[in-house]
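Below, each chain spelled out in residue letters.
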Amino acid sequence: MASIRKIAAVVGSSGIGKSKLAVELCKALTGQVINADALQVYKGLDIITNKMPLDEREGIKHHLMDFLEPEEEYKVTSFLRDASQKIESIASKNELPVVVGGTNYYIQSLLWNNTTIGDQRSPSPELEDKDLDFPEFDLLETSELYDRLAKVDPVMANKWHPSDRRKILRSLRIFHQTGQPQSEIIKSQKDHYEAHGLEPRYQALVFWIYSDPAKLNPRLDARVDQMIDTGLFDEIKDLRNHVVQGKIKMPGIELEKYQRGLWQAIGYKEFDPYFEALEGGKNAAELEKIKFECTERMKAATRRYAKSQIKWIRNKLLPTSLNSKDNQVIVYCLDAGNLETWDENVKEKAVQIAKAFQMGQPLPEPKSLSKVADAMLSLEQQMKDTQTKILTWSKHVCETCKTEKGEPLVLNGDKEWEQHKKSRHHRKYLKHLRVEEMRKAYFASKQAAEAAEEANATK
């Protein structure tokens, strides 16, 4: 195999210390950071996008950060182009490119060739994002879009929830741009991978910094409080003013308003009610109540996002690394559960492994680093690859439970179905039906007995 560039990547949930480790790796191995966070590409807005403060970067160069205007969008195709150029430039100087960020599909698309084919975000890196725009779709209701998708690609329609407008739109756009159903593209990709294996773009070390949610969540809550204390409201207020003044345009479609570009940042939409109340002249007591509710909403959204990041790593990044050709991409899980031992368990282990990697020396077995590493990396055996999950996805109909319209309840996927069957509402309703059946059976039996007695009496 021809020699390919060596890179390191740092992944993990929000607030886990990814940027900190990236800086430490660059200091120890003479490297430069390449940002892989879809929100940190925007100019300013340092607090809401959680950029690492300049003084904490310790002079390490950071690329693909702080360069885009707020109303612009930065797609995976642009990231692939720009990041690849930066990697080539950094590696040509015999320095280590360190890719770090919370947008995991950016990193995954960078590590392997064509892993974005069939994904809801991009059918292929070769296709320009503008080619996927079909303005006429924006005028249709989500239910109409879903019906259209069900006709041209029933497999993907079966996967998406009928109200998930963004994913439905993506699948439709892929079909109309490529002429192929997205599910067929995914199947073709899966068949290719099974026959030939995944082709890595780079020889890569991936450091997954992990903490149990019970330990991480309080840190995430504290970080939200810190963001508020250090000027989050000023950033939001300034951004809102620019929108009102027409200096910045938000996405025009109401249903997609908070689902594109910078507007996805956790904090902006969560504090909408507070700023509307503030601008509406609510009294201090009401404002404080709304502020508290919005803060709790932001904390909950941050915890959910961290959970989704871990889910992506476990369900997509790890299985993909297992199928990588020649073991070119290796994932190490670092235990960040205890902040007091962060240097020992995270920094020192990562630096030691990265130095051996750079020098071409033998690397340790990933599961051997800690009990946490062994547990988290062993989960890979329980996973299906992403393509198989999509192609075998199924909906379930609960004829027992009904929607508000009186229609049978539809559950999307085996996991949601299993959760529903265990839910209190479902079990309670089943019990109610059993009692009702017993009651009907009792009265039917009683009526039959009475009828028999009456018949005997007339003889």
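The model shown is predicted, which means the values in this text are computed figures rather than measured ones.

Here is what the cut-offs are and how they apply
Residues numbered from 1 in each chain as written. Predicted model: local features only at pLDDT ≥ 70, side-chain atom pairs only at ≥ 80, totals over all residues. Heavy atoms only, no water. Helix = DSSP H or I, 4+ residues; strand = E, 2+ residues; numbered from the N terminus. Contact = heavy atoms within 4.5 Å. Areas by Shrake-Rupley, 256 points an atom, 1.4 Å probe, with all protein chains shown as cover. Buried < 20%, exposed > 50% of the residue type's maximum accessible area, 1.4 Å probe, protein only. Pairing = 2+ DSSP bridges. Axes fitted to C-alpha atoms, helices over the stretch in contact; angles between N-to-C directions. Parallel < 35°, antiparallel > 145°, perpendicular 65-115°, else oblique. Left-handed = near helix turned anticlockwise from the far one by under 90°. Nonpolar A, V, L, I, M, F, W, Y, C, P; charged D, E, K, R; others polar. 1 Å grid on protein atoms, 1.4 Å probe; cavity = no way out; pocket = protein on both sides within 12 Å on 5 of 7 lines; lining within 4 Å. Points joined across faces, edges and corners; volume = space filled by probe spheres on them. Expected span 1.5 Å × (residues − 1). Bend = angle between axes of the 7 residues up to and from the residue. Salt bridge = Lys/Arg side-chain N within 4 Å of Asp/Glu carboxyl O. pLDDT = per-residue confidence, 0-100. Phe/Tyr/Trp six-rings, centres within 6.5 Å; stacked < 30°, edge-to-face > 60°. Lys NZ or Arg CZ within 6 Å of the ring centre and 35° of its normal.

Asks: Give me the overall build of the protein chain: which residues, what numbers.
Replies: Looking only at helices and strands, one finds 16 helices and 8 strands in the protein chain. Put simply, 73% of the contacts in the protein chain that link residues at least 6 apart link residues at least 24 apart. Approximately 24,100 Å² of the protein chain is accessible, and the part contributed by carbon and sulfur atoms is 50%.

Asks: Describe the pairing of strand S2 (residues 31–35), naming the residues involved and giving the relevant values.
Replies: The element S2 is extensively covered by neighbouring structure, given that 5 of its 5 residues are classed as buried. The two faces of S2 match: Gly31, Val33 and Asn35 on one face and Gln32 and Ile34 on the other face are all buried. Taken together, the 5 bridges between S2 and strand S4 (residues 96–100) define a ladder with parallel strand orientation. From the neighbouring strand, glutamine 32 faces S4, where its bridge partner is proline 97. Pairing between S2 and strand S3 (residues 62–63): 2 bridges, direction parallel. Pairing of valine 33 across the sheet is with histidine 62, part of S3.

Asks: Give a description of the packing of helix H10 (residues 272–279) against helix H11 (residues 284–322) that names residues and reports values.
Replies: One can describe the packing of H10 onto H11 by two numbers: an axis separation of 8 Å at closest approach and a directional angle of 160 degrees. Here H10 lies roughly antiparallel to H11, going by the angle between them. Judged by the twist between their axes, the crossing of H10 over H11 is left-handed. For the pair formed by H10 and H11, the contact residues are Pro273, Tyr274, Ala277 and Leu278 on the first element and Leu287, Ile290, Lys291, Cys294 and Arg297 on the second. For the contact of H10 with H11, the per-class residue count stands at 7 nonpolar, no polar and 2 charged.

Asks: Quick one: what's the story with the layout of surface pockets, residue by residue and with numbers?
Replies: Approximately 420 Å³ is the volume attributed to the second largest pocket. As for the second largest pocket, its lining consists of 24 residues, and the residues nearest its centre are Asn327, Val329, Ile330, Val331 and Pro366. Taken together, the elements giving at least two residues each to the lining of the second largest pocket come down to strand S5 (203–210), H11, strand S6 (329–335) and helix H12 (342–358). Taken together, the residues that form the lining of the second largest pocket break down as 13 nonpolar, 6 polar and 5 charged.

Asks: Hey, could you go over H12 for me, with residue numbers and the actual values?
Replies: The periodicity of an α-helix, 3.6 residues per turn, causes residues three or four positions apart to be oriented the same way. In a regular helix each residue adds 1.5 Å, so 17 residues correspond to 24 Å; H12 covers 23 Å between its end C-alpha atoms and thus fits that length. At glutamate 348, H12 shows its largest kink, close to 25 degrees. Regarding H12, the residues found buried are Trp342, Asn345, Val346, Ala350, Val351, Ile353, Ala354, Ala356 and Phe357. Those residues of H12 hidden inside the fold are in contact with strand S1 (6–12), helix H1 (18–29), S5 and S6. Of the residues trailing H12, glycine 360 is marked for its positive phi of about 75 degrees.

Asks: Lay out the pattern of salt bridges in plain terms, naming residues and giving numbers.
Replies: All told, the structure shown has 15 salt bridges when counted by the stated rule. Note that glutamate 69 and lysine 43 form a salt bridge whose closest N and O atoms lie 2.6 Å from each other. Here glutamate 69 is found in the loop between S3 and helix H2 (76–91), whereas its partner lysine 43 is found in the loop between S2 and S3, with 26 residues between them in sequence. Look at glutamate 69 and you get partly exposed, because its relative accessible area is 35%. For lysine 43, a relative accessible area of 38% translates into the label partly exposed.

Asks: Can you break down the confidence of the model for the protein chain residue by residue, with the values?
Replies: Averaged over every residue, the pLDDT of the protein chain is 84; the share at 70 or more is 85%. Confidence, read as mean pLDDT per element, is least for helix H14 (residues 386–391) in the protein chain (58) and greatest for S4 (98). Taken as a whole, residues 117–132 scores under 50 in pLDDT and shows 46 contacts with residues more than four places along the chain or in a different chain.

Asks: Can you break down the packing of aromatic side chains residue by residue, with the values?
Replies: What the rule picks out here adds up to 12 aromatic pairs. Pairwise contacts between aromatic rings join Phe67, Tyr74, Phe79, Tyr105, Tyr106 and Trp312 into one cluster. Over the ring of phenylalanine 357 we find lysine 6, and its NZ or CZ is 5.1 Å from the ring centre. In this arrangement the basic side chain of lysine 20 is found over the ring face of tryptophan 342, its NZ or CZ atom lying 4.2 Å from the centre.

Asks: So what's going on with the environment of serine 308? Which residues, and what values?
Replies: Within the secondary structure, serine 308 is located in helix H11. Judged by its relative accessible area of 36%, serine 308 is partly exposed. With 295 residues separating them along the chain, serine 308 and serine 13 place their C-alpha atoms 8.2 Å apart.

Asks: A description of the side chain of asparagine 104 should follow, citing residues and the corresponding values.
Replies: Among the structural elements, asparagine 104 can be located in helix H3 (residues 104–111). Among residues more than four places away in sequence, those in contact with asparagine 104 are Val11, Gln309, Trp312 and Ile313.

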